[in-house]
Amino acid sequence: MLRSPAWTHDELLLACALVVENDWTELREGDARVRDLSELLQSLPIHEGAVRSVPKFRSIGSVSRKTSDPASNHPDYWGVPTKGGRSDKKVIAAFITRPAEMLEASAALQQGIGTGELYRIPEARRSWTPKGTRQSRAAS
């Protein structure tokens, strides 16, 4: 069975914003905001074909589950935190230290998706490489 792709920074940003707006509490499957985010994430063209090939790709259940990572990794959470990943922890830390800025970024992202502006941005070809590596001509 195919695995769902890792969550991107922007997907995590949107999920974490829901948690912050919900007083750092996870959102359950019956919450309309979870359904809306699931539909939004499934509509994005960022994971080539995953919506069709991975049955639970960004499903309501997976979105609800993802909201437990920021909720349970907040410093005020009293239970056992979920594992989450490195990217989750970076986004969570950013929301803890700069909540207004991060909520604004989430709103701008949602607006860009809603207006279609982000769909029109062509995928840029990567012309740079991380420090210390070389990109061959064939790769460019």
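This structure is a prediction, so every number in the text was calculated from the model and none was measured.

**Considerations on the overall build of the chain**
Part 1: Regarding its fold elements, the chain presents six helices and zero strands.
Part 2: The order of helices and strands in the chain, counted from the N terminus, is α-α-α-α-α-α.
Part 3: The 140 residues of the chain split such that 32% are buried.
Part 4: Sequence separation of at least 24 residues holds for 59% of the intrachain contacts in the chain that already meet a minimum separation of 6.
Part 5: Accessible surface computed for the chain: about 9500 Å², of which carbon and sulfur atoms make up 54%.

**Overview of the pattern of salt bridges**
Part 1: Counted according to the given criterion, the structure contains nine salt bridges.
Part 2: With a closest N to O distance of 3.1 Å, E101 and R98 form a salt bridge.
Part 3: Each of R65, K66, D69 and D88 takes part in salt bridges that share partners, so that together they form one network.

**Description of the packing of aromatic side chains**
Part 1: A full pass over the atoms with the stated rule returns one aromatic pair.
Part 2: Judged by centre distance (6.0 Å) and plane angle (15°), the ring pair of Y77 and W78 falls under stacked.
Part 3: Its relative accessible area of 79% is what places W78 among the exposed residues.
Part 4: Positioned above the aromatic ring of W7, the side-chain terminus of R58 is 4.4 Å from the ring centre.

**Points about the confidence of the model for the chain**
Fine structural detail should not be taken from predicted coordinates in areas where pLDDT scores are low.
Part 1: Overall, the predicted model of the chain reaches an average pLDDT of 86, with 84% of residues at or above 70.
Part 2: In this model, residues 124-140 is a region of pLDDT below 50 whose contacts with residues beyond four sequence positions or in other chains number seven contacts.

**Some points on the environment of D88**
Part 1: Here D88 shows up in helix α5 (residues 86-97).
Part 2: What makes D88 buried here is its relative accessible area of 8%.
Part 3: Separated by 76 residues in sequence, D88 and L12 have C-alpha atoms that sit 6.7 Å apart.
Part 4: Excluding residues that lie within four positions of it along the chain, D88 makes contacts with L12, K66 and D69.

**Quick word on the packing of helix α1 (residues 9-21) against α5**
Part 1: At a minimum axis distance of 10 Å, the contact between α1 and α5 shows a crossing angle of 45°. Comparing their axes, α5 and α1 come out oblique. Of the two elements, α1 crosses α5, and the hand of that crossing is right-handed. Packed against α1, whose contacting residues are H9, L12, L13, C16, A17 and V20, the element α5 presents S87, D88, V91, I92 and F95 at the interface.
Part 2: For the contact of α1 with α5, the residue count by class is eight nonpolar, two polar and one charged.

Criteria and thresholds
- Residues numbered from 1 in each chain as written.
- Predicted model: local features only at pLDDT ≥ 70, side-chain atom pairs only at ≥ 80, totals over all residues.
- Heavy atoms only, no water.
- Helix = DSSP H or I, 4+ residues; strand = E, 2+ residues; numbered from the N terminus.
- Buried < 20%, exposed > 50% of the residue type's maximum accessible area, 1.4 Å probe, protein only.
- Contact = heavy atoms within 4.5 Å.
- Areas by Shrake-Rupley, 256 points an atom, 1.4 Å probe, with all protein chains shown as cover.
- Salt bridge = Lys/Arg side-chain N within 4 Å of Asp/Glu carboxyl O.
- Phe/Tyr/Trp six-rings, centres within 6.5 Å; stacked < 30°, edge-to-face > 60°.
- Lys NZ or Arg CZ within 6 Å of the ring centre and 35° of its normal.
- pLDDT = per-residue confidence, 0-100.
- Axes fitted to C-alpha atoms, helices over the stretch in contact; angles between N-to-C directions.
- Parallel < 35°, antiparallel > 145°, perpendicular 65-115°, else oblique.
- Left-handed = near helix turned anticlockwise from the far one by under 90°.
- Nonpolar A, V, L, I, M, F, W, Y, C, P; charged D, E, K, R; others polar.

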